[in-house]
Amino acid sequence: MNQPLASTGWIVLTTIVLVLALVPFDPQLSEWAQALPDEIVDFNRTITDVGTFAWMIYTSATLLLIAFVVRRASRRDTIRQRARTARNLSAYFLLTIGTASALVHGLKFLIGRARPELFADYGAYSLTPFTGDRLFESFPSGHSTAAGAFFGAFAMLKPELRPLFLILALLIGVSRVIVGAHYPSDVAAGLLLGLWVAMMVAFLFARRDWLFLLDTGGWPAPKATRPPPK
């Protein structure tokens, strides 16, 4: 079985089901979330910008450059090996987050859904594609996509902590609804898009024997989990 294709199929199906299930309730859920107690709204305003692409891209690019320079400059094999691992890790995050950013911004431009702040004028289901105006770039949620890609990458690297990373991604996604920036269906689509990119880049790295290997089922597993030879 072509596992990347199978993974894509399941995520696309899940996205369609979730979006169709949430869309009818988007206005009510959005209104309810924004009416939560001030303490909850303020907390979500504090954490919501964790899901921005900029700091993720700049940080991973900087770490990639540092690891590259250290590996080139060092003469010690142990340091070179650690720098190589750091380089591959940084490259994985940079490629995952950069690809997710390009995809979600392209979809936003093509779809052009009005944000919740325009609900009074446009409603919850207005589509105005190709405007390039952030007010018409609600679907999918960019912050949720960034969180899905970032924490999805961690989940691929540390399978034993996947529930924790998925909860953290969901927390950022939910914050986008509470602060009034997106509808729930925007968040669901964004989170799954980011997770899909993290998985696809892991497949790519596994085929090149970087960070991951393909297990007996054809799925990418971090090298640290490789079973010892018998």
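Remember, predicted model here, so these are calculated numbers, not experimental data.

Novice: Can you lay out the UniProt feature "domain: Phosphatidic acid phosphatase type 2/haloperoxidase" (unreviewed entry) in the chain for me, pointing to particular residues and giving the numbers?
Specialist: The residues that UniProt annotates with the feature "domain: Phosphatidic acid phosphatase type 2/haloperoxidase" (unreviewed entry) are residues 88-202. In residues 88-202, the share of helix is 70% and the share of strand is 0%. The end C-alpha atoms are 11 Å apart.

Novice: Break down the packing of aromatic side chains for me, citing the residues and quoting the values.
Specialist: Throughout the structure, instances matching the rule amount to 13 aromatic pairs. Ring geometry for F150 against F154: centres 5.1 Å apart, planes inclined by 85°, an arrangement best described as edge-to-face. Here F150 and its partner F154 are both found in helix α7 (residues 142-157), four residues apart, which amounts to about one turn of the helix. Judged by its relative accessible area of 13%, F150 falls in the buried class. Among the residues examined, F154 registers a relative accessible area of 27% and is labelled partly exposed. On the numbers, 5.3 Å between centres and 25° between planes, the contact of F154 with F165 is stacked. On the criterion of sequence distance, the pair formed by F154 in helix α7 and F165 in helix α8 (residues 162-178) is long-range, its members being eleven residues apart. Members of the aromatic cluster, each reached through a chain of ring pairs, are W55, Y92, F93, F150, F151, F154, F165, F205, W210 and F212.

Novice: An account of a nonpolar patch on the surface is needed here, citing residue identities and associated values.
Specialist: On the surface, L63, I66, V70 and I79 cluster together into a nonpolar patch covering about 300 Å² of accessible area. No other element matches helix α4 (residues 53-73), which puts three residues into the nonpolar patch. Examined against the element boundaries, I66 turns out to sit in helix α4. Under the relative-accessibility criterion, I66 is labelled partly exposed at 45%.

About the cut-offs
Residues numbered from 1 in each chain as written. Predicted model: local features only at pLDDT ≥ 70, side-chain atom pairs only at ≥ 80, totals over all residues. Heavy atoms only, no water. UniProt positions renumbered as here; feature names shortened; annotations may be inferred. Helix = DSSP H or I, 4+ residues; strand = E, 2+ residues; numbered from the N terminus. Phe/Tyr/Trp six-rings, centres within 6.5 Å; stacked < 30°, edge-to-face > 60°. Buried < 20%, exposed > 50% of the residue type's maximum accessible area, 1.4 Å probe, protein only. Patch = residues over 30% accessible without salt bridge, like charges linked within 9 Å, V, L, I, M, F, W, Y side chains within 5 Å. Areas by Shrake-Rupley, 256 points an atom, 1.4 Å probe, with all protein chains shown as cover. Salt bridge = Lys/Arg side-chain N within 4 Å of Asp/Glu carboxyl O.

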